[in-house]
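Given next are the chains, with one letter for each unit.
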Amino acid sequence: MNQLEMKKLAAKAGLQYVKADTIVGVGSGSTVNCFIEALGAMKDQIKGAVAASKTSEELLKQQGIEVFSANEVLGLDIYVDGADEINPQKMMIKGGGAALTREKIVAALAKKFICIVDESKQVDVLGSTFPLPVEVIPMARSQVGRKLVVLGGAPEYREGVVTDNGNVILDVHNFAILNPVEMEKELNNIAGVVTNGIFALRGADVVIIGTPEGAKIIE
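Parameters at a glance
Residues numbered from 1 in each chain as written. Predicted model: local features only at pLDDT ≥ 70, side-chain atom pairs only at ≥ 80, totals over all residues. Heavy atoms only, no water. Helix = DSSP H or I, 4+ residues; strand = E, 2+ residues; numbered from the N terminus. Contact = heavy atoms within 4.5 Å. Pairing = 2+ DSSP bridges. Axes fitted to C-alpha atoms, helices over the stretch in contact; angles between N-to-C directions. Buried < 20%, exposed > 50% of the residue type's maximum accessible area, 1.4 Å probe, protein only. Patch = residues over 30% accessible without salt bridge, like charges linked within 9 Å, V, L, I, M, F, W, Y side chains within 5 Å. Areas by Shrake-Rupley, 256 points an atom, 1.4 Å probe, with all protein chains shown as cover. Salt bridge = Lys/Arg side-chain N within 4 Å of Asp/Glu carboxyl O.

## Topic: the environment of Ala140
By the secondary structure assignment, Ala140 is in the loop between strand S8 (132-136) and helix H5 (141-150). Considered as a pair, Ala140 and Val168 are 28 residues apart in the sequence and their alpha carbons are 9.6 Å apart. Non-local contacts of Ala140, meaning those with residues more than four positions away in its chain, are made with Ala191 and Gly192.

## Here's the deal with the sheet that holds strand S1 (residues 23-26)
Spatial ordering of the open sheet is given by S3-S2-S1-S4-S7-S13-S14, a layout of seven strands whose pairing is mixed. If you trace the sheet from one side to the other, it starts and ends with strand S3 (67-68) and strand S14 (214-218), each paired once. Where strand S7 (residues 110-118) meets strand S13 (residues 206-211), five bridges bridge the pair, whose relative direction is parallel. Note on S13: the bridge partner recorded for Ile116 is Ile208. Sheet strands in contact with helix H1 (residues 3-14) are S7, S13 and S14, and its direction is about 145 degrees off that of S13.

## Observations regarding the sheet that holds strand S10 (residues 168-173)
Strand order in the open sheet formed by four strands is S9-S10-S8-S11, with antiparallel pairing between adjacent strands. The strands lining the two open edges of the sheet, one partner per strand, are strand S9 (154-157) and strand S11 (193-196). Sheet twist, expressed as the mean angle between neighbouring strand axes with direction ignored, is 30 degrees. Across three bridges, the pairing between S8 and S11 is antiparallel. What sits directly across from Glu135, in S11, is Thr195. Taken strand by strand, H5 contacts S8, S9, S10 and S11, and its axis lies near 15 degrees from that of S10. Sitting on the sheet, helix H6 (residues 180-188) is in contact with S8 and S11, with an inclination near 165 degrees to S11.

## With respect to helix H2 (residues 30-39)
Extensive coverage of H2 is indicated by the burial of seven of its ten residues. Along H2, the positions that sit buried rather than exposed are Thr31, Val32, Cys34, Phe35, Ile36, Ala38 and Leu39. On its buried side, H2 packs onto H1, S1, helix H3 (54-62), strand S4 (76-81) and S7.

## Side note on a nonpolar patch on the surface
Among the surface-exposed residues, Ile137, Met139 and Val194 lie close enough to one another that they form a single nonpolar patch of about 310 Å² accessible area. Its place among the elements puts Met139 in the loop between S8 and H5.

All quantities given are derived from atomic positions and should not be read as evidence of function.
See the structure below:
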């Protein structure tokens, strides 16, 4: 079984958490794309979705699913998203697709965060295999980069990428994150940082892992 097939298994298993007549929070990324495709079969059972990226918004519309803005809802029953890394405590690194800020906003609206991943995304320590994305206001890029170096990271400017919010991304390499909650807070306090890709203050409530043996659910 290849990686895409495992992503599809996790995505399809995520449908069991979708309730009728609700608005579903939807993240972004390749696994979420699989979820959006699967969600299309339920489009007549739900009210619609709130998307965390413009790309996901377009895919939802292609499936015939009505898209609401985050400002139009008081809250969401669930938020379904993937991760670039996830640890045993259900904390994540996200932002490989540069949608981390909007993902945090939609996740904050939801009662339950459902994380769908393939088994390759599991790590013991965040930062082990994937650089940490940090969304930065453009004029602060160099300043923030220097701060990240002081904290022990090796930031790299993601050339040619502008977020849906008009900002830039610094990818921090060689950054083992031993205390994700405290590091998330510390990085967000740097002037010029919009947010960082550590999802620890709002981690996942349910993790669905696609494996060759099927979808494994951790609640």
